[in-house]
Amino acid sequence: MLSRLNPRQREAVEYVGGPLLVLAGAGSGKTSVITTKIAYLIKECGIKAHKIAAVTFTNKAAREMKERVGKLVQGKESRGLTVSTFHNLGLNIIRKEHKTLGYKAGFSLFDDQDTKSLIKDLMHKDFQTDADIIGMVQHMISNWKNDLIEPEQALGLAENDKETLAAAVYREYDRHLQAYNAVDFDDLIRLPVRLFRDHPDILERWQNKIHYMLVDEYQDTNVSQYLLVKLIIGYRGALTVVGDDDQSIYAWRGARPENLVKLGEDFPSLRIVKLEQNYRSTSLILRAANTLIANNPHVYEKTLWSEMGQGEQIRVISCRNEDAEAERVVTEILTHRIKKDASYKDFSILYRGNHQSRILEIKLQAFQVPYKISGGTSFFARHEIKDIMGYLKILVNPDDDNAFLRVINMPRREIGPSTLEKLGTYANQRHISMFHACSELGLEQSLSEKQVDKLRRFNHWLEKTRQRCYQDDSISAIREMIHDIDYEGWLHQNSSSPQVAERRMANVRILVDSLQDTLKRMQDDDDSASIEDAIARLVLRDMMEQQAEEDDSDRVQLMTLHSAKGLEYPHVYIVGMEEDLLPHRNSIDDGNIEEERRLAYVGITRARQTLTLTMAAQRKQFGEMLNCTPSRFLDELPPEDLAWEGKEQEPDKAKRERGRAALDSLKKSLGL
Ligand code: ATP
Ligand code: MG
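Model, not experiment: these values are computed from the prediction.

Participant: Which residues make up the side chain of Asp399, and what values do they have?
Facilitator: One can find Asp399 in the loop between helix H16 (383-396) and helix H17 (401-407). Using a relative accessible area of 6% as the deciding quantity, one classes Asp399 as buried. Reaching out from Asp399, the side chain makes a polar contact with the side chain of His436 at a distance of 3.0 Å. The residues touching Asp399, leaving out its near neighbours within four places in the chain, are Lys104, Ala179, Tyr180, Asn181, Ser433 and His436.

Participant: Can you tell me about the environment of Tyr250, naming the residues and giving the values?
Facilitator: Inspection of the secondary structure puts Tyr250 in the loop between strand E7 (239-243) and helix H12 (259-266). Residue classification places Tyr250 among the buried residues on the basis of a relative accessible area of 9%. Each C-alpha atom, one on Tyr250 and one on Glu595, is 8.4 Å from the other, the two residues being 345 residues apart in sequence. If near-sequence neighbours (up to four positions away) are discounted, Tyr250 is found in contact with Asp220, Ala255, His562, Lys565 and Glu595.

Participant: Account for empty space enclosed by the protein, naming residues and giving values.
Facilitator: Evaluated as defined, the whole model comprises three cavities of 30 Å³ or more. Estimates place the volume of the largest cavity at around 70 Å³. Around the largest cavity, the lining residues are Thr31, Thr56, Ala61, Glu64, Met65, Arg68, Asp216, Glu217, Gly566 and Leu567. Sorting elements by how many residues they give to the lining of the largest cavity places helix H3 (residues 59-70) first, with four residues. Its residues assigned to classes, the lining of the largest cavity comprises three nonpolar, three polar and four charged.

Participant: Please provide a residue-by-residue account of the UniProt feature "binding site: ATP" (unreviewed entry) in the chain, values included.
Facilitator: Sequence positions flagged by UniProt for "binding site: ATP" (unreviewed entry) are, in local numbering, Ala24, Gly25, Ala26, Gly27, Ser28, Gly29, Lys30, Thr31 and Arg280. Spanning 257 residues, the annotated positions come together in the fold, the maximum distance between their C-alpha atoms being 13.3 Å. Within this annotated set, the largest cavity is lined by Thr31. Mapped onto the elements of the fold, Ala26 is located in the loop between strand E1 (20-24) and helix H2 (30-43). The residues touching Ala26, leaving out its near neighbours within four places in the chain, are Asp244, Gln247, Asn278, Arg280, Leu304, Tyr601, Thr605 and Arg606. The topology assignment puts Gly27 in the loop between E1 and H2. With sequence-adjacent residues up to four places away left out, Gly27 is seen in contact with Gln277, Asn278, Tyr279 and Arg280.

Participant: Could you give an account of the site of ligand 1, with specific residues and numbers?
Facilitator: Around ligand 1 there are 20 residues in total, and Lys30, Thr31, Ser32, Glu568 and Arg606 lie nearest to it. The backbone of Arg4 places a nitrogen or oxygen atom 2.9 Å from a nitrogen atom of ligand 1. For ligand 1, an oxygen atom lies 2.8 Å from a polar atom in the side chain of Arg280. Protein burial of ligand 1: of its 640 Å² of free accessible surface, 89% is covered by the chains. Sorting elements by how many residues they give to the shell around ligand 1 places H2 first, with three residues. The residue inventory of the shell around ligand 1, partitioned by class, reads three nonpolar, ten polar and seven charged. Both domains that furnish three or more residues to the shell around ligand 1 are identified here as domain 1 (7-94 + 189-275) and domain 3 (305-374 + 553-670).

Participant: Tell me about unusual backbone geometry, and name the residues and values.
Facilitator: Looking along the chain, the bond that leaves Met410 and enters Pro411 is cis, with omega of 0°. Locating Pro411 in the fold gives a position in the loop between H17 and helix H18 (417-430). Residue Pro583 is reached from Leu582 by a cis peptide bond, and omega for that bond is 5°. Look at Leu148: it is not a glycine, yet its phi comes out positive at around 60°. Counting through the fold element by element, Leu148 comes out in the loop between helix H6 (131-146) and helix H7 (151-157).

Participant: Explain the pairing of strand E6 (residues 212-215) to me, using residue names and the numbers behind them.
Facilitator: Where burial is concerned, the two faces of E6 agree: the one with Tyr212 and Leu214 and the one with Met213 and Val215 are both buried. Sheet topology note: the strand E2 (residues 52-56)/E6 ladder contains four bridges and is parallel. Directly across from Ala54, in E6, lies its bridge partner Leu214. Relative to E7, E6 runs parallel, the two being bridged by three bridges. Its bridge partner being in E7, Leu214 is matched across the sheet by Thr240. Chirality of the crossover, the property in question, places the unit of E6, helix H11 (residues 223-233) and E7 among those that are right-handed.

Participant: Kindly report on the sheet that holds strand E3 (residues 82-85), identifying the contributing residues and their values.
Facilitator: Spatially, six strands are ordered E3-E2-E6-E7-E1-E8 in an open sheet, and the strand pairing comes out parallel. Two strands bound the open sheet, and with one partner strand each, they are E3 and strand E8 (271-275). Direction aside, neighbouring strands of the sheet carry axes that sit 15° apart on average. Where helix H1 (residues 7-14) meets the sheet, it contacts E1 and E8, and its direction lies at approximately 150° from that of E8. H2 rests against E1, E2, E6, E7 and E8 of the sheet, and its axis sits at about 165° to E6.

Participant: Can you break down the environment of Gln621 residue by residue, with the values?
Facilitator: When you line up the elements, Gln621 lands in strand E16 (residues 607-621). Apart from residues lying up to four places away in sequence, Gln621 is in contact with Arg585 and Leu626.

Participant: I'd love a proper account of the domain arrangement of the chain, names of residues and values included.
Facilitator: Here the chain is partitioned into domain 1 (7-94 + 189-275), domain 2 (108-180), domain 3 (305-374 + 553-670) and domain 4 (380-420 + 433-546). The gap between the C-alpha centroids of domain 1 and domain 4 is 36 Å. Facing twelve residues of domain 1, the contacting portion of domain 4 comprises nine residues. Buried area between domain 1 and domain 4, summed over both chains or domains, comes out near 820 Å², and the portion from carbon and sulfur atoms is 46%. Broken down residue by residue, the surface that domain 1 buries against domain 4 is led by Asn59, Arg79 and Leu91, which jointly contribute 50%. Inspection of the domain 1/domain 4 interface yields zero salt bridges. On inspection of domain 1 and its partner domain 4, the count reaches two residue pairs in polar contact (both at pLDDT 80 or more). Looking at the side of domain 1 that touches domain 4, the elements with two or more residues in it are H3 and helix H4 (86-97). In terms of residue count, H4 provides more of the side of domain 1 that touches domain 4 than any other element does, four residues in total. Among the residues making up the side of domain 1 that touches domain 4, the classes are represented as two nonpolar, seven polar and three charged.

Cut-offs and rules
- Residues numbered from 1 in each chain as written.
- Chains lettered and ligands numbered in written order.
- Predicted model: local features only at pLDDT ≥ 70, side-chain atom pairs only at ≥ 80, totals over all residues.
- Heavy atoms only, no water.
- Helix = DSSP H or I, 4+ residues; strand = E, 2+ residues; numbered from the N terminus.
- Buried < 20%, exposed > 50% of the residue type's maximum accessible area, 1.4 Å probe, protein only.
- Polar contact = N/O pair within 3.5 Å; in protein donor to acceptor, adjacent residues only side chain to side chain.
- Contact = heavy atoms within 4.5 Å.
- 1 Å grid on protein atoms, 1.4 Å probe; cavity = no way out; pocket = protein on both sides within 12 Å on 5 of 7 lines; lining within 4 Å.
- Points joined across faces, edges and corners; volume = space filled by probe spheres on them.
- Nonpolar A, V, L, I, M, F, W, Y, C, P; charged D, E, K, R; others polar.
- UniProt positions renumbered as here; feature names shortened; annotations may be inferred.
- Near = heavy atom within 4 Å.
- Areas by Shrake-Rupley, 256 points an atom, 1.4 Å probe, with all protein chains shown as cover.
- Domains from an automatic or database assignment.
- Pairing = 2+ DSSP bridges.
- Right-handed = clockwise from strand over helix to strand, strands pointing away.
- Axes fitted to C-alpha atoms, helices over the stretch in contact; angles between N-to-C directions.
- Buried area = accessible area lost by both parts, 1.4 Å probe.
- Salt bridge = Lys/Arg side-chain N within 4 Å of Asp/Glu carboxyl O.

Have a look at this one:
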């Protein structure tokens, strides 16, 4: 188990006497330290697997980590081990302690869209608001929650009208969430922290449950996540965190890389281990990454070297336009796969924004290259999945008005908007949910008999289905429910062709199968897990932009730079190396280039053997063809290590500035 590790890594694994920070650059084996240490704690230190919790940020990373641990510890020895995302850990805590927090079992998890639509409703009461303002308020509320600032404090802290407005919405929003028996994404961390602060007895119980914690990608923790870790660890100090300040890319979500420094202040006995050997990339790739990141200021100095050989030059390819760029990348993958005797899954294509994947998808399909997109328009964003998820949500939490509204007329039950509005007003006045309002006798005074009858029929049907779901086999009850509403018939009426309807129905089946699978896996670990818990887990997975099919088949991997963190591929293509894309325009405008540089650093350091950077000379934006300027980050790479191709030669700063000035004037003339 330990023989593969270098002396520093070994030190990090074997040190269990107090809090430990492993601080090191990309590919130096930080995650490997965590996975080996889990096995070490179980096998050598006699700590039971169910007393160990390892957390990271994305589902993909958590799954990878689980796989890596699975190779070292198997079967009974690993039972009850927690390897999950921060949010999943939070969800588990809330699930077990919901009563103390004032939530009923089966509470709903609001996703980004639910949150948006609630904020929109709350703001519409006062005046018309556009999507930008709603987005801004949502972002501010999220930041407050991540910083553990309560609505009243936010009101007190507000310095201008904008902040006062957002804080007022925050207060209402929180009240409504509670009334809907719902929590949002940020609450998954904030509520456990609040719980532990207010209830030392409960905290003690959890401290006895979790004897050792390990945190990967520590540089991306925000204030509330850090506090959660600190509370759980308590006096014991049984903590290993690993991180790299150069890979901090979630400041926009409240991440605080300074948590790395804070750790030393909060735990004076903190031991720091630095790793310097990179086992992932060739020397040229590593040198490019190091040279680029040297342009950022540093909290900790790090040096990184590799014995993986010099490797090939980094190719920089300039293409005519985005179409040509996508085609070039795809045809290259086709030929390289053969030349290098590689598999499709050895290639990954990374980009700054999800929207960039569309053209790549078209080309991949045209050349019949199998591919998989992580994130973006996920499985869960599909209409049919949202519909059925709506039914699942209301099944376990009838107070979820958002879900109620999603499913009430799908399929059609001819309950019109004015009926729903009256029902909503009635429910609001009495502080009950719309579902419960349906069965109230007083409803007859505001609605006609016919309307009341329709609402009651729906209410009875749902109540019956709920009972079946809780008394019998829940999965069969859910399958029956989908049959009852004749969802398949509805899909056939509402799809462009029978094939499309079939495909959509197949997705619904995948969803139910995956629910069944999730429930089974949860029950293997914890006998008390129920259908509500399984549904909550699915909703969470949806929120973390995961695709339902978790297959390892041979496909080219496409994802954003953000979601590539922690992963590695033999051959990496980063597309769209242009100003305004990478660095992103918003960051240029805000003068926040450092985080974009770290993002580029994360991208470059995913590559093991070859790295190719591409760009387009022209790109369509707002329906217009615009000239693009090569990314400033290309200037920052060692010129002698780059092999340029295409018309564009090494960009110089003057040229870029000219390009940018021309672009600005064009935008101005277009009124953008
Ligand atoms: P990142 O910063 O990107 O998350 P990391 O520091 O977590 O990277 P790992 O993913 O743990 O790095 O390791 C990178 C690669 O190096 C993996 O393929 C891993 O198996 C390999 N590796 C780690 N340690 C060793 C070692 N001592 N000997 C050989 N290979 C190693
Ligand atoms: Mg890692």
